[in-house]
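# Examination of the molecular architecture
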Amino acid sequence: AHVTAAVKVSGRVSGGRFWFASLPPQAWLQLDDDTAEISGEIRLVEGALQPGTKVEFRQDGYAARAFEFHVTGDVLGTFEVSSDEHGNKAEGRVNLRQFGIRRSAAEKPDIVGDGLVVVATTRDLQLSELASLEAEAKLDLGQARVPDLATLSGLVPPSAGVALVGGSGRAGGAFDLE
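Residues numbered from 1 in each chain as written. Predicted model: local features only at pLDDT ≥ 70, side-chain atom pairs only at ≥ 80, totals over all residues. Heavy atoms only, no water.

### Points about the environment of Leu125
To keep things clear, this is the line we draw: Numbering of helices and strands runs from the N terminus, with a helix taken as a DSSP run of H or I at least four residues long and a strand as a DSSP run of E at least two residues long. By definition, residues are in contact when any of their heavy atoms lie within 4.5 Å.
Locating Leu125 in the fold gives a position in the loop between β9 (116–122) and β10 (136–140). As for Leu125 and Gly47, which are separated by 78 residues in sequence, their C-alpha atoms are 8.3 Å apart. Among residues more than four places away in sequence, those in contact with Leu125 are Gly47, Ala48, Leu49, Val81, Asn88, Lys89 and Ala90.

### Describing unusual backbone geometry
Unusually for a residue other than glycine, Phe67 sits at a positive phi of about 55°. For Phe67, the location among the structural elements is in the loop between β5 (54–66) and β6 (69–84). With phi around 50°, Gln98 is a residue other than glycine that occupies positive phi space. Here Gln98 lies in strand β7 (residues 87–103).

### Thoughts on the packing of aromatic side chains
Note the threshold: Aromatic rings from Phe, Tyr and Trp, taking only the six-membered ring of Trp, are treated as a pair when their centres fall within 6.5 Å; an angle between ring planes under 30 degrees marks them as stacked, one over 60 as edge-to-face, and anything in between as tilted. For every residue, the accessible area obtained with a 1.4 Å probe (protein chains only) is divided by the maximum for its type, and the residue is called buried under 20%, exposed over 50%, and partly exposed between those limits.
Under the defined criterion, the tally for this structure stands at 1 aromatic pair. With 5.0 Å between their ring centres and 20° between their planes, Trp28 and Phe67 make a pair best called stacked. Here Phe67 lies in the loop between β5 and β6 and Trp28 lies in the loop between α1 (16–19) and β2 (29–31), a separation of 39 residues in the sequence. Look at Trp28 and you get partly exposed, because its relative accessible area is 37%. Judged by its relative accessible area of 52%, Phe67 is exposed.

### Thoughts on the pattern of salt bridges
To be explicit about the condition: Each salt bridge in this description consists of a side-chain nitrogen of Lys or Arg and a carboxyl oxygen of Asp or Glu lying within 4 Å of one another.
According to the stated counting rule, one finds 11 salt bridges in the structure shown. We note a salt bridge from Glu41 to Lys8, for which the minimum N-O separation is 3.8 Å. A residue pair is termed long-range when its members are at least 10 positions apart, and Glu41 in strand β3 (residues 35–45) and Lys8 in strand β1 (residues 5–14) qualify at 33 residues. For Glu41, a relative accessible area of 17% gives the class buried. With relative accessibility at 69%, the residue Lys8 sits in the exposed group. Two residues, Arg93 and Glu91, come together in a salt bridge whose shortest N-O distance is 3.5 Å. For Arg93, a relative accessible area of 36% gives the class partly exposed. Overall, Glu91 belongs to the partly exposed group, its relative accessible area being 29%. Each of Lys8, Glu41 and Arg43 takes part in one network of salt bridges that share partners.

### A few points about the confidence of the model for the chain
The criterion, for reference: pLDDT expresses, on a scale from 0 to 100, how confident the predictor is about each individual residue.
Across the chain, the average pLDDT comes to 88, with 93% of residues at 70 or higher. When mean pLDDT is taken per element in the chain, strand β8 (residues 111–114) scores highest with 95 and α1 scores lowest with 58.

### Brief notes about the pairing of β5
Where we set the bar: By this definition, two strands are paired if DSSP reports at least two bridges between them.
One ladder, built from 3 bridges, connects β2 with β5; its direction is antiparallel. By the bridge assignment, Gln30 is partnered in β5 with Arg65. With 11 bridges connecting them, β5 and β6 associate as antiparallel partners. Across the sheet, the residue bridging to Lys54 is Glu80, located in β6. Where β5 folds back onto β6 in an antiparallel hairpin, the turn is made up of 2 residues, including Phe67, whose phi is positive at roughly 55°.

### Quick look at the side chain of Asp32
The cut-off we apply is this: Lys and Arg are tallied as positive, Asp and Glu as negative. Neither His nor the chain termini are counted. What qualifies as a polar contact is a pair of N or O atoms within 3.5 Å, subject to a donor-acceptor requirement within protein and to the restriction that residues adjacent in sequence count only when both atoms come from side chains.
Position of Asp32 among the secondary structure elements: in the loop between β2 and β3. Buried and unpaired, Asp32 has Arg12 as its nearest opposite-charge partner, separated by 9.8 Å. In this structure the side chain of Asp32 is engaged in a polar contact, spanning 2.6 Å, whose partner is the backbone nitrogen of Asp34. A polar contact of 3.4 Å, which involves the side chain of Asp32, links it to the side chain of Gln59.

Take a look at the structure:
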């Protein structure tokens, strides 16, 4: 049975796992289960998210792992459904303030900064079909820096004939993920 409803939400929910509760666990993704503040409205017609759905969330001290990278920071996020000439679409936006990213093998963050933004969009809005969701994502590093370039030396193949032995740097740029 598909649900039709408009629900206002406000309060605290279990962190990252809440947002992906209907998806099967993914070996490459581990999300923080600490509580997040949430507020907004969710609109459903026959189990499909509808325009007017908008939820905002906040969680300080967030931690997650994607593939072999650990990410920490303070999260501000939104999830919103809108409509354009192609139909309804959902956009999830996560902004990490004061973030750190480290490889699993690293003790300290390889990259630190402020304003890392991930934006994911999809037109798959039927909640019962989230396991087969198709989405596009964009990643913007914001104001990022590498405190010690030597920590990234292991990422340079030996055949390059170069080793990063010290120094610091700035990183930036936007990436599209499909």
